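# Examining the three-dimensional arrangement
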Protein chains: 2
Amino acid sequence: MVSEELNCIKKELERNLPVTFYDLGKLIRSKVTLLLLKSLEIEINKDILTVLTGTELIHNASLMHDDIIDKNGIRRNSQTIYKKEGSTPSLLYGNIALINAINMLLTLNSTDIISIFNSTVVDMCKGELLQYQQQGKMPTLEEYLLKTELKTARLFTAPIRAISTLTQLPENVFNVIKNYGIAFQIKNDITNILTTNSDYIQGIYTAPIIYENNPDKINIGIEKTLSLIDNYKRECLNYLGNISDNKYKRELIGEIECLNRLERDTTNTEKSTLR
Amino acid sequence: MVSEELNCIKKELERNLPVTFYDLGKLIRSKVTLLLLKSLEIEINKDILTVLTGTELIHNASLMHDDIIDKNGIRRNSQTIYKKEGSTPSLLYGNIALINAINMLLTLNSTDIISIFNSTVVDMCKGELLQYQQQGKMPTLEEYLLKTELKTARLFTAPIRAISTLTQLPENVFNVIKNYGIAFQIKNDITNILTTNSDYIQGIYTAPIIYENNPDKINIGIEKTLSLIDNYKRECLNYLGNISDNKYKRELIGEIECLNRLERDTTNTEKSTLR
């Protein structure tokens, strides 16, 4: 129901990426932001689409760098640039995508917006650094959640923060997206355990392992993690309860409902297909 | 004679680098720019120092990324972050330094200046990509010079381009710095051959090898390269001939004269000490 806007973003994204080898995915950051804005009856103008395209460019830049860090060969069923061309192109194309994002956001003529995205990129790097420093050690749940917020949720909330400088937004919209972003990453981490288990193999211990560090009890750990996600989910749904019913709100609720619903057959799903 | 300004820049640089393990060097990009501006009797204000600090931050960001690409363990007689902490921190700290540079330049409230530096960073990445693609192949002299201009000279000229949006500058100052930047990198490439020879070992063929691809004739290749540098040097000196004599001009001429003067004992000199 926001497919027209998502198609616009995808086209601009393709034009501004220095290289693409993989499916660009469903642009989840843009999708939930668009659904939330439209459920609030906020008109989607060109500036909002620019903010969202900048967000997706930064996301793709971070994927190119993450693939080097994680030595990740496959993303969305295609070879990564890291695998196909090497870590040097993946690093440099990532840098170019990041700069292209800043250039795109510059067209909005707002230093506030550039500052929001700059601090977001720094937070994402800090989240990755935390993960690197925690590697091989069992983090506390608090440390894991802090890392998750920095690494993933910050880029979910950056567009809504930027858009709030362009147009009046109701209070608390920020929190809906933040809770969604954290829950989204926690679900990704469960999916990783159920598929490639690459995080665990690399010594990156996520919520299910933090709850139950015992291979025989992994299902208990996953159940506890689904309850954790449920808290974030409920926060999102509580907020949406205050908005009058419309088709965008219903679609957004559908996206939120998926957050703790694990696909029955996840055996063919890459961790990366969910990012 | 510009040591006061250089000290200011160094202090701000230290404050804005997420991590430093090595001596920050002589800030050659800032030094030649300051000497040129002062020889033209242009007052060095806070904005100019901000531009130069941003330049040095970008330079340091690129070093952290280059060390991963070149697997470089030593820089200015210290272990690199890449060697000491690994490629992940070197990548992420490099990203943070780049964003800190953009944040610093944002304080000048000029989208033109951000655009100049953004296109510079993209050019530097394109230069590195060219080098990566040429690895193991013998480039033409033109290809080598294009790579050198993108990879190195663009960051030398970026501050003067940025400063020209803040204050009136005479024509051609841009070309002096551009010629200096190209010659500076060519000299570095000779020094690499005379010391660690790491470029050649990695299949990166620079001017002396392009001129004479024969180990027995490397001295002839170096002589030809020194003549090549002489052309760039002469361009710089010709321009300075039009400026009335002053102590800054004399110091700048001293820096330019060094461009094709090889230190007798280069055996202890790292490639990186000259960067």
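Since the structure is predicted, the reported quantities are computational estimates derived from the model, not experimental observations. (Residues numbered from 1 in each chain as written. Chains lettered and ligands numbered in written order. Predicted model: local features only at pLDDT ≥ 70, side-chain atom pairs only at ≥ 80, totals over all residues.)

## Some details on the overall build of chain A
A count of helical and extended segments in chain A gives twelve helices and two strands. In sequence order, chain A lays out its α and β elements as α-α-α-β-β-α-α-α-α-α-α-α-α-α. Projected onto the principal axes, the alpha-carbon positions of chain A cover approximately 50 × 45 × 30 Å. Put simply, chain A has 275 residues, and 48% of those count as buried. Contacts in chain A between residues at least 24 apart in sequence constitute 71% of all its contacts with a sequence separation of at least 6. (Helix = DSSP H or I, 4+ residues; strand = E, 2+ residues; numbered from the N terminus. Buried ≥ 20, exposed ≤ 12 C-beta atoms within 10 Å, placed from the backbone. Contact = placed C-beta atoms within 7 Å.)

## Some details on the interface of chain A and chain B
Chain A puts 24 residues into the contact, and the matching count from chain B is 24 residues. For the side of chain A that touches chain B, the secondary-structure elements that each account for two or more residues are helix H3 (46-70), helix H5 (87-106) and helix H6 (111-134) of chain A. Residue composition of the side of chain A that touches chain B, by class: 15 nonpolar, eight polar and one charged. (Nonpolar A, V, L, I, M, F, W, Y, C, P; charged D, E, K, R; others polar.)

## Points about the environment of Asn175 of chain A
All names here are of chain A. Along the polypeptide, Asn175 turns up in helix H8 (residues 173-194). Given 15 C-beta atoms within a 10 Å radius, Asn175 is considered partly exposed. For the pair Asn175 and Thr157, spaced 18 residues apart in the sequence, the C-alpha separation amounts to 8.2 Å. Leave out the neighbours within four places in its chain, and Asn175 touches Glu235 and Tyr239.

## Quick notes on the relation of the copies chain A and chain B
Take chain A, turn it by 180°, move it 0.0 Å along the axis, and it overlays chain B with an RMSD of 0.0 Å. As the rotation angle and translation indicate, the two copies are arranged about a two-fold axis. (Least-squares fit on C-alpha atoms with pLDDT ≥ 70 in both.)

## Section: unusual backbone geometry
Positive phi, normally seen in glycine, also occurs at Lys71 of chain A, with a value near 50°. Within the fold, Lys71 of chain A resides in the loop between H3 and strand S1 (74-75). Judged by local crowding, Lys71 of chain A falls into the exposed class, with 12 C-beta atoms found within 10 Å. With a phi angle near 60°, Glu41 of chain B is a residue other than glycine that sits in the positive phi range. We classify Glu41 of chain B as exposed; it has 10 C-beta atoms within 10 Å.

## Observations regarding the confidence of the model for chain A
Any region with low pLDDT has predicted coordinates that should not be read closely. Residues and elements named next belong to chain A. Chain-level pLDDT for chain A is 93 on average; 96% of the residues reach the 70-or-more range. A low-confidence stretch, residues 265-275 stays under pLDDT 50, and its non-local contacts, those more than four residues away or across chains, total 24 contacts. Here the prediction assigns the complex a pTM of 0.94, and the interface score ipTM is 0.94. (pLDDT = per-residue confidence, 0-100.)

## Re the environment of Leu240 of chain A
Residue and element names in this part refer to chain A. In this fold, Leu240 is placed in helix H11 (residues 218-240). Residue class for Leu240 comes out partly exposed when judged on the 17 C-beta atoms lying within 10 Å of it. Each C-alpha atom, one on Leu240 and one on Ile253, is 8.1 Å from the other, the two residues being 13 residues apart in sequence.

## Quick look at the packing of helix H7 (residues 141-163) of chain A against H8 of chain A
Residue and element names in this part refer to chain A. It is at 8 Å that the axes of H7 and H8 come closest, and there the two elements cross at 135°. Relative to H8, the element H7 is oriented oblique. For the pair H7 and H8, the sense of crossing is right-handed. When H7 is examined against H8, the residues Leu145, Thr148, Glu149, Thr152, Ala153, Phe156, Thr157, Ile160 and Arg161 are found in contact with a partner set consisting of Val173, Phe174, Ile177, Lys178, Tyr180, Gly181, Ile182, Phe184, Gln185 and Ile186. Counted by class, the contact of H7 with H8 contains eleven nonpolar, five polar and three charged residues. (Axes fitted to C-alpha atoms, helices over the stretch in contact; angles between N-to-C directions. Parallel < 35°, antiparallel > 145°, perpendicular 65-115°, else oblique. Left-handed = near helix turned anticlockwise from the far one by under 90°.)

## What about H7 of chain A?
All names here are of chain A. With 23 residues, H7 should reach 33 Å at 1.5 Å per residue; the first-to-last C-alpha distance of 32 Å fits that figure. In H7, a bend of some 50° at Ala153 exceeds every other bend along the element. Most of H7 sits inside the fold, with 17 of its 23 residues counted as buried. (Expected span 1.5 Å × (residues − 1). Bend = angle between axes of the 7 residues up to and from the residue.)

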